[in-house]
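Observations on chain architecture
One-letter residues, chain by chain:
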Amino acid sequence: KANHQRIPPYLLTSSSRHSHYTYTQCAYERSLVRLHKLPSLWLHYASFVALYDPARSPTKLRRIYDRALVSLPASQHDRIWDDYLTWVTGILPG
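Described below are features of the structure shown in this document.

What counts and what doesn't
Residues numbered from 1 in each chain as written. Predicted model: local features only at pLDDT ≥ 70, side-chain atom pairs only at ≥ 80, totals over all residues. Heavy atoms only, no water. Helix = DSSP H or I, 4+ residues; strand = E, 2+ residues; numbered from the N terminus. Buried < 20%, exposed > 50% of the residue type's maximum accessible area, 1.4 Å probe, protein only. Contact = heavy atoms within 4.5 Å. Salt bridge = Lys/Arg side-chain N within 4 Å of Asp/Glu carboxyl O. Expected span 1.5 Å × (residues − 1). Arc of directions from axis to C-beta.

What follows is about the environment of Pro58. Along the polypeptide, Pro58 turns up in helix α4 (residues 58-71). A relative accessible area of 44% means that Pro58 is categorised as partly exposed. For the pair Pro58 and Trp87, spaced 29 residues apart in sequence, the C-alpha separation works out to 9.6 Å. When neighbours within four sequence positions are excluded, Pro58 is seen to be in contact with Trp87 and Ile91.

Working definition: two side chains of opposite charge can pair if their charged atoms are close together. Throughout the structure, instances matching the rule amount to 3 salt bridges. One salt bridge in this structure joins Arg67 and Glu29, with 2.8 Å as the shortest N-O distance. Of the two residues, Arg67 is situated in helix α4 and Glu29 in helix α2 (residues 17-35); the sequence distance between them amounts to 38 residues. Taking relative accessible area as the criterion, Glu29 reaches 26% and is therefore assigned partly exposed. Of the charged contacts, one joins Lys60 and Asp53 as a salt bridge, the two residues approaching to 3.5 Å between their closest N and O atoms.

Right, let's get into helix α5 (residues 77-91). Because the α-helix completes a turn every 3.6 residues, residues three or four places apart line up on one side. For α5, built from 15 residues, the straight-helix expectation of 21 Å at 1.5 Å per residue is met to within 8% by its first-to-last C-alpha distance of 21 Å. The set of residues buried in α5 consists of His77, Ile80, Asp83, Tyr84 and Trp87. For α5, the arc enclosing every buried residue in end-on projection is 140°, short of the 170-degree limit, so these residues lie on one face. Facing away from the buried side of α5, by more than 90 degrees, are the exposed residues Thr89 and Gly90. On its buried face, α5 is in contact with α3 (39-52) and α4.

Structure representation (structure tokens):
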């Protein structure tokens, strides 16, 4: 099951959505400097990018999941793999 976080309404209705997206993405990156061992933070970040990335770049999301797997201990990989595989099977052509 995918981990979707609730995004504040002002991020969705603002005329400068792209700049809000960029600010939020930077906040996640700054958080991960110290909190890179929290799988829930990685999952929230991946969920945010999957839903709100203006470019809809699969490469960006793949890199987030890959970084999460490198940063987390192997005992926590299953939490990332569940979301990662759900996302990958959702973007593959049917």
